[in-house]
Amino acid sequence: MDILGSLWSIIVLFFWAFVFISALFAVIAVVSDLFRDKELGGWWKALWLVCLVFLPLLTALVYLVVRGRTMAVRTSLRQQEAQEATEHYIRSFTAPSPAEEISRAKALLDSGTVSADEFEQLKKRALAGAPA
């Protein structure tokens, strides 16, 4: 009987540890969403934070029910912005500058590979930022 009692104590301990860690993650997600939300006013953010301090689990659940859908949209938009910023940063190092593109086009013109009209088109494209 003592073995079953200690086994049950271990199961209960794991259950409450799971509940605590889940609640902690929910509170952290709510706080991070509150600070990232640009549409919510400062007083509303303060009210949510005060409620999170005194009733963390209940407030986190209410927040997820009330603002959960917009929370996902804001997270998705932030991820898209971060992805676009990363791609722009990488392109800034890999894409040739307009001056480099024009010099390549000039070399093609000098070698006779392209005509003067084609050179002008390549130059316009380079100055417009379109890929050649």
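Described in the following lines is the structure provided in the data block.

Reading the values: the criteria
- Residues numbered from 1 in each chain as written.
- Predicted model: local features only at pLDDT ≥ 70, side-chain atom pairs only at ≥ 80, totals over all residues.
- Heavy atoms only, no water.
- Helix = DSSP H or I, 4+ residues; strand = E, 2+ residues; numbered from the N terminus.
- Rg over C-alpha atoms; globule rule 2.2 N^0.38 Å.
- Buried < 20%, exposed > 50% of the residue type's maximum accessible area, 1.4 Å probe, protein only.
- Lys, Arg positive; Asp, Glu negative; His and termini not counted.
- Salt bridge = Lys/Arg side-chain N within 4 Å of Asp/Glu carboxyl O.
- Phe/Tyr/Trp six-rings, centres within 6.5 Å; stacked < 30°, edge-to-face > 60°.
- Expected span 1.5 Å × (residues − 1).
- Core = buried A, V, L, I, M, F, W, Y, C linked by side-chain atoms within 4.5 Å.
- Contact = heavy atoms within 4.5 Å.

**Points about the overall build of the protein chain**
Move 1: Of the regular secondary structure elements, the protein chain holds 5 helices and 0 strands.
Move 2: When the helices and strands of the protein chain are read in sequence order from the N terminus, they spell out α-α-α-α-α.
Move 3: Rg of the C-alpha trace for the protein chain: 29 Å, well past the compact-globule value of 14 Å for 132 residues, more than 25% over.
Move 4: In terms of overall dimensions, the protein chain has a C-alpha envelope of 95 × 45 × 20 Å along the principal axes.

**Some words on the side chain of Lys45**
Move 1: Tracing the chain through its elements places Lys45 in helix H2 (residues 42-54).
Move 2: For the buried residue Lys45, which engages in no salt bridge, the nearest side chain bearing the opposite charge is Asp37, 6.2 Å off.

**Overview of the packing of aromatic side chains**
Move 1: With the rule as written, the count across this model stands at 2 aromatic pairs.
Move 2: With a centroid separation of 4.9 Å and 90° between ring planes, the pair formed by Trp48 and Tyr63 is classed as edge-to-face. Of the two residues, Trp48 is situated in helix H2 and Tyr63 in helix H3 (residues 56-94); the sequence distance between them amounts to 15 residues.
Move 3: Classification of Tyr63 as buried rests on a relative accessible area of 0%.

**Regarding the pattern of salt bridges**
Move 1: Scanning all chains against the criterion turns up 5 salt bridges.
Move 2: For Arg67, the salt bridge goes to Asp37, with nearest N and O atoms at 2.1 Å. On the criterion of sequence distance, the pair formed by Arg67 in helix H3 and Asp37 in the loop between helix H1 (2-36) and H2 is long-range, its members being 30 residues apart.
Move 3: By relative accessible area, which is 15% here, Arg67 ends up buried.
Move 4: The closest approach of N and O atoms between Asp110 and Lys106, which form a salt bridge, is 3.4 Å.

**Some details on H1**
Move 1: The terminal C-alpha atoms of H1 lie 51 Å apart, and with 35 residues this matches the ideal 51 Å at 1.5 Å per residue to within 8%.
Move 2: Taken together, the buried positions of H1 are Ala23, Ala26, Val30, Asp33 and Leu34.

**Considering the environment of Leu61**
Move 1: In this fold, Leu61 is placed in helix H3.
Move 2: Owing to a relative accessible area of 49%, Leu61 belongs among the partly exposed residues under this scheme.
Move 3: On a C-alpha basis, the gap between Leu61 and Val30 in space is 9.4 Å, while along the polypeptide they are 31 residues apart.

**Let's talk about the nonpolar core**
Move 1: By size, the foremost hydrophobic cluster in this structure holds 9 residues: Ala26, Val30, Leu34, Leu40, Trp48, Leu52, Ala60, Tyr63 and Met71.
Move 2: Of all elements in the fold, only H1, H2 and H3 reach the threshold of two or more residues within this core.
Move 3: Once you skip the residues sitting within four places of it in the chain, Trp48 turns out to touch Leu34, Leu40, Thr59, Val62, Tyr63 and Arg67.

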